[in-house]
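# Survey of secondary and tertiary structure
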Amino acid sequence: MPTPRTRAYSYIRFSTPEQAKGDSYRRQRAAAESYCLKNDLELVKNEDYLFFDRGRSAFKGKHLGDSGQLARFLKYVEDGTVEPGSILIIESLDRLSREHIRDALPRFLDILKLDIQIYSASEDKLYTKDFDAFDIMAGVFQMSRAHSESSLKGERVSKAWKQKQKDARETKKPLGHACPYWLKLEGGQYVEIEERVNVIKEIFRLAVAGHGHRAIAKILNAENVPIFGSAKRNASGAWGSSSTGKILSNRAVLGEYQPTNLVEGEREAVGEPIPEFFPVVISEDLFFQAQSARTTRNVSKATKPAANFNIWQGLAKCWLCGESMHLVNKGTPPRGGKYLRCYGSAKGRCTNKIVPLAGSERAYMEILAKVDSLSLVQDSQSKIRKEIAKIDVRLDMIKKRQDEIETQILDITGELPGFIMQAALSLDKEMKELKIKKNDLKKDFQREKIVNKEDFFARLDLVSFEGRAQANYLLKALKVKIRIEREEKTVCYAIDVDGALSFVMKQAADQIDYYPYSGELTELLRSQGDDAAFMKMHSSMVDRYFDLLVRVKEQGKVNTLLSTRAAPKKI
């Protein structure tokens, strides 16, 4: 039988996208094939044994991480999959490691001790377990030089970039061609790419209208809108939820530039954002409206709205067990139709009955009329609501920035830099001013209530996707929860606003009776002409309501409930 040939394995690595675009892979592969041909070696080409690290830096040992291909090769050596005496082919020792010599040398020797030979193509040198001291010294010199070159190159790049950031902060000098995809450098300044800016505006408009990241991506793909960026960064050429999400959260659309640096491989913000650095392509109003809509979607976990938006999404809970009420389709009328069904009931864990959707939407309109939803049909209220939403988003951003500064302060030893203290005081002042402004806006908001209910219903849009989504998001923003129970032909709705019971409705066919739980709501019912349709909230009903909620809370199915039983107010 012929003697089996020694097996050789090629390890190829390059650390930057620029090397990937060049001839690095072909060159390293050709060198391995040439060496095997000359020495009658078997180059293993099975894809399970191809070791190829694209974009992994050997300077910081990233190729040795859990997902690195060199780490996978070493695992095969240790478990015997790669036999002793095999050869690992590399272009040069710096492909194996550019780490500090104290880390690189022991790893290099450990591979040799496992009886794995290392061939360096650039030196035309084969290193074995029976190594010569002078050969190892030469290898050490090469790895040490590679580390020094990488370190020096990193320092130069870092210094150059830090100087660019300094110039950007002090003089608004452009960073070069590094800029958002909807801009370009022309004549020493950034200018808009009109067709891309129009896409940015459409993405924000769709977000405000109630569409999520994935839905926006689908719309753009359906309309054959070209995606930003190169084909190498997005091989599919299609929009995805991550690409639309990144655009919606990118404050560069407001003209801001946030300097960043790599800290232990993670990109972190450096200092405060630089305002008015890029051209402003989205107004603050539109930006913060989009953030408010996204926050509402995240809180409610709404991810896949139907073509005809489910207005109960994230709002309706079962009165009996606390599970969510889901929309189900039981075929075409008259026997079929759409219903709300308790999730627990669908699993056989609850006795609540299904609720016809058509009748529930009539109740939904009444709920809107009883809470602060005038902004859906009245411009002044809408503007106030948007201003409050903008303030809420800004307050959240300030809180996050304060947390970052607090972390920085804890890491500093000695005297605190003046600019950190100045930033902290500035944020504290802005937060106080925003809270005062928010309270003033709330007072203005309370001056107007829905009095003419018929006019409100006539102008209310619960037909279009956008109108239904806006109504749904508004109730979520108001922290409204609706608990629903069907008793034969009567459907009961208990409406909580910000964790407190506001009122209960009982609906039988077209008749709706109201049980207000506050004097303020009683007055609103009277002003809307519902005097004959409301009754006093009896203690027995309140007791039943709270007994059910407490039981549900004990079962761990409701997170936010009143912790104490409150007596009903006199009406």
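Residues numbered from 1 in each chain as written. Predicted model: local features only at pLDDT ≥ 70, side-chain atom pairs only at ≥ 80, totals over all residues. Heavy atoms only, no water.

## Some details on the overall build of the protein chain
Here is the rule: By definition, any uninterrupted DSSP run of H or I lasting at least four residues is a helix, any uninterrupted run of E lasting at least two residues is a strand, and each is numbered from the N terminus. We call two residues in contact whenever any of their non-hydrogen atoms come within 4.5 Å of each other. Here the accessible surface of atoms and residues is derived via Shrake-Rupley with a 1.4 Å probe, and residues count as covered only by protein chains that are part of the display.
When helices and strands are counted, the protein chain shows 18 helices and 18 strands. Counted over contacts in the protein chain with a minimum sequence separation of 6, partners at least 24 positions apart contribute 62%. On the protein chain, roughly 31600 Å² of surface is accessible, and the fraction owed to carbon and sulfur atoms is 51%.

## Re the packing of helix α7 (residues 194-208) against helix α8 (residues 213-222)
What counts here: Convention adopted: a line fitted to C-alpha atoms gives each axis, helices being fitted over their contacting stretch, and angles between N-to-C directions are expressed from 0 to 180 degrees. When describing relative orientation, an angle under 35 degrees is termed roughly parallel and one over 145 degrees roughly antiparallel, while 65 to 115 degrees is termed roughly perpendicular and anything else oblique. Note on convention: near helix rotated counterclockwise from far helix by under a right angle means a left-handed crossing. Clockwise means right-handed. Residue polarity follows a fixed list, in which Ala, Val, Leu, Ile, Met, Phe, Trp, Tyr, Cys and Pro are nonpolar, Asp, Glu, Lys and Arg are charged, and the others, Gly among them, are polar.
In contact at an axis separation of 10 Å, α7 and α8 are set at 135° when each is read in the N-to-C sense. As summarised for this structure, α7 and α8 are arranged oblique, according to the angle between their axes. Classified by chirality, the crossing of α8 by α7 is right-handed. Within the contact between the two elements, α7 uses I203, L206 and A207 and α8 uses I216, I219 and L220. Here the residues of the contact of α7 with α8 sort into six nonpolar, no polar and no charged.

## Concerning the packing of aromatic side chains
Quick reminder of the rule: Two aromatic rings from Phe, Tyr or Trp, using only the six-membered ring of Trp, form a pair when their centres are within 6.5 Å; if the ring planes differ by under 30 degrees the pair is stacked, by over 60 it is edge-to-face, and anything between is tilted. Exposed residues in this analysis have more than 50% of their type's maximum accessible area, buried residues have under 20%, and partly exposed residues fall in between, with area computed by a 1.4 Å probe over protein chains only.
As enumerated under the stated definition, the model contains twelve aromatic pairs in all. Pairing W312 with Y493 gives two aromatic rings, centres 6.1 Å apart and planes at 15°, and the pair type is stacked. On the criterion of sequence distance, the pair formed by W312 in the loop between α10 (284-300) and β11 (316-318) and Y493 in strand β16 (residues 490-497) is long-range, its members being 181 residues apart. Note on W312: relative accessible area 1%, which makes it buried. Through a chain of ring-to-ring contacts, three or more aromatic side chains come together here, namely Y190, Y257, F277 and F278.

## Comments concerning the sheet that holds strand β15 (residues 480-487)
Quick reminder of the rule: By definition, two strands form a pair when at least two bridges between them are found by DSSP.
Reading across the sheet, the five strands line up as β11-β15-β16-β17-β18 and stay open at both edges, with mixed pairing between neighbours. The open sheet terminates on both sides in strands that have one partner only, identified here as β11 and β18 (511-516). Sheet twist, expressed as the average angle between the axes of neighbouring strands with direction ignored, equals 25°. Sitting on the sheet, helix α17 (residues 519-527) is in contact with β17 (500-508) and β18, with an inclination near 150° to β18.

## Concerning the pairing of β15
The pairing of β11 with β15 spans three bridges and is classified as parallel. Residue pairing for β15: K317 is matched across the bridge by R483. Connecting the antiparallel pair β15 and β16 is a turn made up of two residues, with E488 showing a positive phi of about 55°.

## Regarding the side chain of K453
Locating K453 in the fold gives a position in helix α15 (residues 453-459). Taking the relative accessible area as the measure of exposure, K453 reaches 7% and is therefore buried. Other than its neighbours up to four places away in sequence, K453 contacts E366, A369, K370, Y514, Q528 and D530.

## So, α7
Definition in use: To estimate the expected span of a helix, count its residues, drop one, and scale the result by 1.5 Å.
In a regular helix each residue adds 1.5 Å, so 15 residues correspond to 21 Å; α7 covers 21 Å between its end C-alpha atoms and thus fits that length. Downstream of α7 by a residue or two, G210 has a phi angle that is positive, lying close to 115°.

## Examining the pairing of strand β8 (residues 189-192)
Of the strand pairs in this sheet, strand β7 (residues 183-186) and β8 are connected by four bridges, and their pairing is antiparallel. By the bridge assignment, L183 is partnered in β8 with E192. The turn joining β7 and β8, which pair antiparallel and follow one another in sequence, is formed by two residues; a positive phi near 65° is taken by G187.

## Looking at unusual backbone geometry
Phi is positive for K479, which is not a glycine, with a value near 60°. Mapped onto the elements, K479 comes out in the loop between α16 (465-477) and β15. Phi is positive for E488, which is not a glycine, with a value near 55°. Mapped onto the elements, E488 comes out in the loop between β15 and β16. Residue class for E488 comes out exposed when judged on its relative accessible area of 56%.

## Quick look at the nonpolar core
Rules: Nonpolar cores are built from buried Ala, Val, Leu, Ile, Met, Phe, Trp, Tyr and Cys residues. Side-chain atoms within 4.5 Å join them into one set.
Within the largest apolar cluster, 41 residues are counted, with the highest numbers of intra-cluster contacts made by W312, Y364, I482, I484, Y493 and M505. Looking at this core element by element, the count peaks at six residues for helix α12 (residues 357-370). Not counting residues up to four positions away in its chain, the partners in contact with W312 are L340, L357, S360, E361, Y364, I367, N472, I482, I484 and Y493. Y190, L206, I247 and L254 belong to the second-largest nonpolar core, a separate cluster that totals 35 residues.

## Some thoughts on the confidence of the model for the protein chain
Heads up, the rule is: As a per-residue measure, pLDDT tells how confident the predictor is, with possible values from 0 to 100.
Looking at the protein chain, the pLDDT average stands at 76 and 70% of residues meet or exceed 70. Every residue in residues 55-67 is under pLDDT 50, and counting partners more than four places away or in other chains gives 44 contacts. With pLDDT under 50 throughout, residues 555-571 is counted as low confidence; its partners more than four residues away or in other chains account for 35 contacts.

## A few points about the sheet that holds strand β12 (residues 325-329)
Taken together, the three strands give an open sheet; going across it, the order is β12-β13-β14, and neighbouring strands pair in antiparallel fashion. The open sheet is flanked by β12 and β14 (355-356), the only strands paired with a single partner. In this structure, β12 lies alongside strand β13 (residues 338-342), joined through five bridges in antiparallel fashion. The residue bridging H326 from the neighbouring strand is R341, located in β13.

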